[in-house]
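# Survey of secondary and tertiary structure
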Amino acid sequence: MIGIIYYAYGAPKSLDDVTPYFSHIMNGKTPPPHVIENITAQFKKLGGVDPLAANTSRIAKGLEHALQQRLAQPVKVYNAYKHTEPYIPDVVNTMLEDGISTFITLPVNPIMSSGAAAFHDEVSALLASHDVTIISGQNWHLNTELLAVYKDRVHRAYEWISTEKRTHTHVLYTVHSQPINPERNELYVRQFSELAEAISKAAQIDNWHITYRSGHGKGDWLAPDVKEKIKTLHAEGAQGFVTCELLSLSADIESYFEIGSECQKICEELQVDFAQAEFPGDSYDTIQALATIVESFIPAAQ
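Basis of the calculations
Residues numbered from 1 in each chain as written. Predicted model: local features only at pLDDT ≥ 70, side-chain atom pairs only at ≥ 80, totals over all residues. Heavy atoms only, no water. Helix = DSSP H or I, 4+ residues; strand = E, 2+ residues; numbered from the N terminus. Patch = residues over 30% accessible without salt bridge, like charges linked within 9 Å, V, L, I, M, F, W, Y side chains within 5 Å. Areas by Shrake-Rupley, 256 points an atom, 1.4 Å probe, with all protein chains shown as cover. Salt bridge = Lys/Arg side-chain N within 4 Å of Asp/Glu carboxyl O. Lys, Arg positive; Asp, Glu negative; His and termini not counted. Charge placed at Lys NZ, Arg CZ, Asp CG, Glu CD. Buried < 20%, exposed > 50% of the residue type's maximum accessible area, 1.4 Å probe, protein only. Phe/Tyr/Trp six-rings, centres within 6.5 Å; stacked < 30°, edge-to-face > 60°. Pairing = 2+ DSSP bridges. Axes fitted to C-alpha atoms, helices over the stretch in contact; angles between N-to-C directions. Contact = heavy atoms within 4.5 Å.

For residues besides glycine, phi is generally negative; the peptide bonds are generally trans as well. With omega at -5°, the peptide bond leading from Glu85 into Pro86 counts as cis. Within the secondary structure, Pro86 is located in the loop between strand 2 (75-81) and helix 4 (88-97). In this model, Ala223 is joined to Pro224 through a cis peptide bond whose omega is 10°. Inspection of the secondary structure assignment puts Pro224 in the loop between strand 6 (208-213) and helix 9 (226-235). You will see that Gln271, though not glycine, has its phi angle at about 60°, which is positive. Structurally, Gln271 is set in the loop between helix 11 (261-270) and strand 8 (273-276).

Another point: a negative patch on the surface. A cluster of acidic side chains, namely Asp16, Asp17, Glu85 and Asp90, defines a negative patch on the protein surface. With respect to the helices, strands and loops of the structure, Asp16 is situated in the loop between strand 1 (2-8) and helix 1 (18-25). Judged by its relative accessible area of 64%, Asp16 falls in the exposed class.

Another point: the packing of aromatic side chains. Under the defined criterion, the tally for this structure stands at five aromatic pairs. The interplanar angle of 75° and the centroid separation of 5.6 Å between the aromatic rings of Phe192 and Tyr212 together place this pair among those described as edge-to-face. Of this pair, Phe192 sits in helix 8 (residues 182-203) while Tyr212 sits in strand 6, and the two are 20 residues apart along the sequence. Note on accessibility: Phe192 and Tyr212 belong to one class, buried. Seen in terms of ring centroids, Tyr256 and Phe257 are 5.2 Å apart; in terms of plane orientation they differ by 85°. Their pairing is edge-to-face. With relative accessibility at 34%, the residue Tyr256 sits in the partly exposed group. Residue classification places Phe257 among the buried positions, given a relative accessible area of 5%.

This part is about the sheet that holds strand 2. Across the sheet, which stays open at both edges, the four strands sit in the order 2-1-3-4 with parallel pairing between neighbours. Two strands lie at the open edges of the sheet, namely strand 2 and strand 4 (133-136), each paired on one side alone. The average undirected angle you get between the axes of adjacent strands in this sheet is 20°. Pairing analysis gives four bridges linking strand 3 (residues 102-107) to strand 4, with the strands arranged parallel. When the sheet's bridge partners are listed, Thr102 is paired in strand 4 with Thr133. Relative to strand 2, helix 3 (residues 51-70) is tilted by about 165°, and along the sheet it contacts strand 1, strand 2 and strand 3. Along the sheet, helix 12 (residues 284-297) contacts strand 1, strand 3 and strand 4; its crossing angle with strand 3, the most-contacted strand, is approximately 140°.

In structure tokens, the structure reads:
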């Protein structure tokens, strides 16, 4: 039986999970009360549930259904997270108990981040002593169907900008910044750049840039920062901006606000148009793209 582990960093399912979530990130240390208060306030600001938790759960169900229609072999899809339940080791044990013989690791990240790389390595290490096949789902960021999903999201946001400002509108692609380390950054930046370029070509966008978020102004982190880039481009005559996150198929709390309402506020102050491209999320086209991506790995297991 084929088993797919669909992985994300963490997905709190309740406000009660927020403190344990960040405590787990900090290796068991409880964050200071004011930090927890700020983080909890951000989750509450959503006015709904955590989108990453909701999306990844539905994606797993949808992907399993799609693959069952496509494959002759039995297949199951499991959610797994690094900092919330169900944790990766527990999921791997469940899969072994279920009789999974071929394991495919599939992260929520289209590009190879350090977290995605660690996920692939952890699953391989956990299964090292078992007689099973392990396939790391890597290098799918330029999949044709995935590009069509992103083209749709970017094109819709771009077309939302008023016609008179559209020719002076810039698309700003983002991923989480990282400490500058040329060797460690190479694959991350290259795949990010390749994906941004491919989407822009498909959507026929000429004014586009790769930018970073969550670097908190640190000079020794990857730049340019998306908010600073908005200000710079505005000074050069830009009249509209579209932001598009490429690190995750589903919105997490950090990216949701940073390239959404926080960038929107800057654009309002500058009196320019703004639109945030939707995340691929758990939509039909995303599910079908992921099913095609998983199918492309299956021959290696036979």
